[in-house]
Amino acid sequence: MKIGVLALQGAVTEHIRALEKAGAEGLSVKKVEQLSGLDGLIIPGGESTTIGKLMRAYGFMEALRDFSSQSKPIFGTCAGMIVLAKEISGQTDAHLQLMDIKVARNAFGRQRESFETDLPVKGIEGDVRAVFIRAPLIESVGPEVQILSVYQDRIVAARQGHLLVTSFHPELTDDSRMHRYFVEMAEAYRGQASSL
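Residues numbered from 1 in each chain as written. Predicted model: local features only at pLDDT ≥ 70, side-chain atom pairs only at ≥ 80, totals over all residues. Heavy atoms only, no water.

Draft legend 1. Structural context of the overall build of the chain. Within the chain, the secondary structure is distributed over five helices and 12 strands. Against the globule reference of 16 Å for 196 residues, the chain gives a C-alpha radius of gyration of 15 Å, in line with a compact fold. With respect to the principal axes defined by its C-alpha atoms, the chain has extents near 40 × 40 × 35 Å. Among the 196 residues that make up the chain, the fraction classed as buried is 52%. Look at the contacts in the chain between residues 6 or more apart in sequence, and 65% of them connect residues 24 or more apart. (Helix = DSSP H or I, 4+ residues; strand = E, 2+ residues; numbered from the N terminus. Rg over C-alpha atoms; globule rule 2.2 N^0.38 Å. Buried < 20%, exposed > 50% of the residue type's maximum accessible area, 1.4 Å probe, protein only. Contact = heavy atoms within 4.5 Å.)

Draft legend 2. Representation of the environment of valine 29 within the structure. As for its placement among the helices and strands, valine 29 is situated in strand β2 (residues 25-29). Valine 29 gets classed as buried once you look at its relative accessible area, which sits at 1%. It is 20 Å that separates the C-alpha atoms of valine 29 and arginine 180, two residues lying 151 residues apart in sequence. Excluding residues within four positions of it along the chain, valine 29 makes contact with Gly4, Val5, Leu6, Ala7, Gln34, Leu35, Leu38, Leu41 and Phe60.

Draft legend 3. Layout of the layout of surface pockets. There is about 190 Å³ of room inside the largest pocket. In this structure, the largest pocket is lined by 13 residues; those nearest its centre are Gly46, Glu47, Cys78, Ile133 and Arg134. Class assignment of the residues belonging to the lining of the largest pocket gives a composition of six nonpolar, four polar and three charged. (1 Å grid on protein atoms, 1.4 Å probe; cavity = no way out; pocket = protein on both sides within 12 Å on 5 of 7 lines; lining within 4 Å. Points joined across faces, edges and corners; volume = space filled by probe spheres on them. Nonpolar A, V, L, I, M, F, W, Y, C, P; charged D, E, K, R; others polar.)

Draft legend 4. Examining the pattern of salt bridges more closely. This structure, assessed with the given rule, holds nine salt bridges. Here glutamate 87 makes a salt bridge to lysine 102, at a shortest N to O gap of 4.0 Å. Residue glutamate 87 is located in strand β5 (residues 85-88), and its partner lysine 102 is located in strand β6 (residues 99-104); the two are separated by 15 residues in the primary sequence. The exposure class assigned to glutamate 87 is partly exposed, which follows from its relative accessible area of 42%. For lysine 102, a relative accessible area of 25% gives the class partly exposed. (Salt bridge = Lys/Arg side-chain N within 4 Å of Asp/Glu carboxyl O.)

Draft legend 5. View of helix α2 (residues 48-57). Here α2 has its buried residues at Ser48, Ile51, Gly52 and Met55. Each buried residue of α2 lies within a common arc of 100 degrees when the element is viewed along its axis, so the set occupies one face. Exposed residues pointing more than 90 degrees away from the buried face of α2 are listed as Lys53 and Ala57. Against the buried residues of α2 lie β1 (2-6), α3 (60-69) and α4 (79-84). Regarding α2, its N-cap is glutamate 47, as a side-chain oxygen of that residue lies 3.2 Å from the backbone nitrogen of threonine 49 further along. One or two steps after α2, the chain reaches glycine 59, where phi turns positive at roughly 75 degrees. (Arc of directions from axis to C-beta. Polar contact = N/O pair within 3.5 Å; in protein donor to acceptor, adjacent residues only side chain to side chain.)

Structure representation (structure tokens):
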């Protein structure tokens, strides 16, 4: 399985390490052409406005919408979640607008309010260690979105078909189960694609 990590900003190496631990090949993606051979893509954390600007500058907006239209799995963590969201609270425009969620940026406060906790995640046995850094949260979800995890009544992980998002940074822990969950999504996609 080849899973790309969008390498415009954020914890790219950590995601690649976690993917390899989860049994996939992780690749740093800096050019649109690199998307064609991938089974899935991770959009890492960082600063969502900056990532959005860089995606526009390097032609990734249309390329990623096309990637998604083929039902290839995309996993957005922290800022990556904001990039995938249909709506951003307090803003008139969003980025890719692929996932039917409304997100609030920096919902858990600034850098000094960063924290770690153990969370139950649907589809994963046992709690997952979650690192929240200037984390966004999901304020509301559309009818096709499955809520995977909640922290203090706030949605912090969700899935809509081939799209997966978390408010937290699973790549910053030794627990690669969130990445394994995503790799399994990519394996299922590849299985469906090869049977067509």
